[in-house]
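Next come the chains, spelled out residue by residue.
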Amino acid sequence: MKVWLVGAGNQAAAYAKVLDHLAVPFNVIGRGQASALLFEQKTGKPAYSGGVKKALKELGAPHTAIVAATVDQLSCIATCLTKAGTKRILLEKPGALNCSEIRKLNRLSQKHKNEICIGYNRRFYASTQQARQQIHEDGGVTSCVFELTEWAQSIQSWSASKGIKNALFLANSSHVADLAFYLGGKPDDWKGWVDGGLPWHERSARFCGGGITERGALFSYHADWEAPGRWGIEICTRRKRYILRPLEKLFIQVKNSNCVREASLNTDYDKKFKAGLYLQTKAFLHNDFRELCTLEEQVKMMPIYSKMAGYKN
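Visitor: Can you help me understand the state of the cysteines in this one?
Guide: Chemically, a disulfide is nothing more than a covalent bond linking the sulfur atoms of two cysteines. Scanning all chains against the criterion turns up 0 disulfides. Here Cys293 is not disulfide-linked; the sulfur of Cys117 is the nearest cysteine sulfur, at 8.0 Å. With relative accessibility at 1%, the residue Cys293 sits in the buried group.

Structure, rendered in structure tokens:
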């Protein structure tokens, strides 16, 4: 099986570590020579420079690809690979910078009959998997609340392009929304509001809303990018409250008790590799898409995320 790892940044290096551990041979496809050399220094793996289009001409299409490039390049790279005949693609979140791009990619994928999944690795945290199991044992979710606050001051200094920063809710905050809806069910009937704006995110700076999910659970969310805060999710069942704050840890409060205890987790993979990445990659390579976000699912969710963020697309 021919596998490509597209990208030569930190996320690609994290995937390379997983692929090495799984003993999966792969080619690294970078864009610039400088980033390719830096990748080789970090990982010991040579990276092909010149970009995907050049690599396709010279090497031929891979059967499988993991795309860990910058957010503004994701849909373009997935498009090139799909047209060339790649059958499986694990595409880093959110897959595209707007709804029209993700819909266009989905139509192309359906035409070429390949599988594309979106890499929301937090679905595979040890904390998430244990919470999901216990929520099921409790009889399901009754309500959910989550916070998506970003640290605006640190983001302002990022080297990311203006386009990525101006779509940050999709490019980054959707990690939390995806995880909350993965655990609590997809929104069915809901409403949201936005306010304010930032120099690098002009359309909004504060977000709140709520409604009911397809599983009948009530949910609400909040974020204020001009105030202190952090990512977090709280899931309620009729027996317990499950608190993921930080997302890598799980705290549990039992009914009729004020005591909140930290759950014991098997975090071996989350410590050895970037958290969630090992199990996500393994599931993808073994065609086990049950817990992965499929492209079809992302097509349905992107308009919801855009509405939450105050985007018009």
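Visitor: Sorry, what's going on with the pattern of salt bridges here?
Guide: A pair can form between side chains of opposite charge whenever their charged atoms are brought close. Throughout the structure, instances matching the rule amount to 11 salt bridges. We note a salt bridge from Lys45 to Asp20, for which the minimum N-O separation is 3.2 Å. Here Lys45, found in the loop between α2 (33–43) and β3 (47–48), pairs with Asp20, found in helix α1 (residues 10–21); they are 25 residues apart in sequence, far enough to count as distant. Of the residues examined, Lys45 reaches a relative accessible area of 26% and is grouped as partly exposed. For Asp20, a relative accessible area of 37% gives the class partly exposed. Its salt-bridge partner being Glu234, residue Arg241 comes within 2.6 Å of it at the nearest N-O pair. Classification of Glu234 by relative accessible area gives buried; the value is 18%.

Visitor: Just to check I follow, could you spell out helix α4 (residues 74–84) for this structure?
Guide: An α-helical turn contains 3.6 residues, so a residue and the one three or four places further along point in the same direction. All of the buried residues in α4 are Leu74, Ser75, Ile77, Ala78, Cys80, Leu81 and Thr82. Positive backbone phi, at 115 degrees, marks Gly85, one or two positions downstream of α4.

Visitor: What's the story with the environment of His286 in this structure? I'm lost.
Guide: Topologically, His286 is positioned in the loop between α11 (277–285) and β15 (293–294). Overall, His286 belongs to the exposed group, its relative accessible area being 58%.

Visitor: Sorry, what's going on with the pairing of strand β10 (residues 218–224) here?
Guide: The side chains of a regular strand alternate between the sheet's two faces. In this structure, strand β7 (residues 143–148) lies alongside β10, joined through 5 bridges in parallel fashion. Bridge assignment links Ser143 to a residue of β10, and that residue is Leu218. Relative to β10, strand β9 (residues 206–213) is paired through 7 bridges, and the arrangement is antiparallel. Within the sheet, the bridge partner assigned to Cys208 lies in β10 and is His222. Here β9 folds back onto β10, and the loop between the two strands holds 4 residues, one of which, Gly216, carries a positive phi near 85 degrees.

Visitor: Before we go on, may I ask you to explain the sheet that holds strand β11 (residues 231–236) in this structure?
Guide: Each strand in a sheet pairs with another by means of backbone hydrogen bonds, the pair being arranged parallel or else antiparallel. Strand order across the open sheet formed by 8 strands is β8-β9-β10-β7-β11-β12-β13-β14, with mixed pairing between neighbours. If you trace the sheet from one side to the other, it starts and ends with β8 (187–195) and β14 (260–262), each paired once. Within the sheet, the average angular offset between the axes of one strand and its neighbour, ignoring direction, is 15 degrees. Sheet strands touched by helix α6 (residues 126–138): β11, β12 (240–244) and β13 (251–254). Its angle to β12, the strand with the most contacts, is close to 165 degrees.

Visitor: Sorry, what's going on with the sheet that holds β15 here?
Guide: A sheet is described by the order of its strands in space; here 7 strands give the open sequence β3-β2-β1-β4-β5-β6-β15, paired in mixed fashion. Sheet topology places β3 and β15 at the edges, where each strand pairs with a single neighbour. Pairing of strand β6 (residues 115–119) with β15 involves 2 bridges; the strand directions are antiparallel. Bridging across to β15, Cys117 finds its partner in Thr294.

Visitor: So what exactly am I meant to see when it comes to the side chain of Ser173 here?
Guide: As for its placement among the helices and strands, Ser173 is situated in helix α9 (residues 168–184). Look at Ser173 and you get buried, because its relative accessible area is 0%. Aside from chain neighbours lying at most four places away, what touches Ser173 is Leu148, Glu150, Leu168, Trp225 and Trp231.

Visitor: Help me understand the side chain of Gln134 in this model?
Guide: Along the chain, the position of Gln134 falls in helix α6. By relative accessible area, Gln134 is classed as buried at 13%. When near neighbours in sequence (up to four residues on either side) are disregarded, Gln134 contacts Lys240, Tyr242 and Ile252.

Visitor: For this particular structure, what's the right way to read the packing of α1 against α11?
Guide: Helix-helix packing is described using two parameters, namely the angle between the two axes and the distance between the axes. Packing of α1 against α11 leaves a shortest axis separation of 10 Å and a crossing angle of 65 degrees. In terms of crossing hand, the pair formed by α1 and α11 is right-handed. In contact with Gln11, Ala14, Tyr15, Val18, Leu19 and His21 of α1, α11 contributes Leu277, Tyr278, Gln280, Thr281 and Leu285. Looking at the contact of α1 with α11, its residues break down into 7 nonpolar, 4 polar and no charged.

Visitor: It is not clear to me how the nonpolar core should be interpreted in this structure. Could you clarify?
Guide: As a rule of thumb, soluble globular proteins bury nonpolar side chains together. Counting 76 residues, the largest nonpolar core has Leu81, Phe146, Ile233 and Met308 as its most contacted members. Ranked by the residues each element gives to this core, the list is headed by α9, at 11 residues. Apart from the residues within four sequence positions on either side, Met308 is in contact with Phe146, Phe169, Ala177, Phe181, Trp190, Val194, Phe207 and Tyr221.

Visitor: Please clarify how unusual backbone geometry should be interpreted in this entry.
Guide: Residue Pro94 is reached from Lys93 by a cis peptide bond, and omega for that bond is -5 degrees. Here the residue pair Arg245 and Pro246 is connected by a cis peptide bond, since its omega of 5 degrees sits within 30 degrees of zero. Summarising the element assignment, Pro246 is placed in the loop between β12 and β13. Unusually for a residue other than glycine, Ala23 sits at a positive phi of about 60 degrees. For Ala23, the position within the fold is in the loop between α1 and β2 (27–29). With a relative accessible area of 64%, Ala23 lands in the exposed category. Phi is positive for Lys113, close to 55 degrees, though the residue is something other than glycine. Along the polypeptide, Lys113 turns up in the loop between α5 (99–112) and β6.

Cut-offs and rules
- Residues numbered from 1 in each chain as written.
- Predicted model: local features only at pLDDT ≥ 70, side-chain atom pairs only at ≥ 80, totals over all residues.
- Heavy atoms only, no water.
- Disulfide = S-S within 2.5 Å.
- Buried < 20%, exposed > 50% of the residue type's maximum accessible area, 1.4 Å probe, protein only.
- Salt bridge = Lys/Arg side-chain N within 4 Å of Asp/Glu carboxyl O.
- Helix = DSSP H or I, 4+ residues; strand = E, 2+ residues; numbered from the N terminus.
- Pairing = 2+ DSSP bridges.
- Axes fitted to C-alpha atoms, helices over the stretch in contact; angles between N-to-C directions.
- Contact = heavy atoms within 4.5 Å.
- Left-handed = near helix turned anticlockwise from the far one by under 90°.
- Nonpolar A, V, L, I, M, F, W, Y, C, P; charged D, E, K, R; others polar.
- Core = buried A, V, L, I, M, F, W, Y, C linked by side-chain atoms within 4.5 Å.

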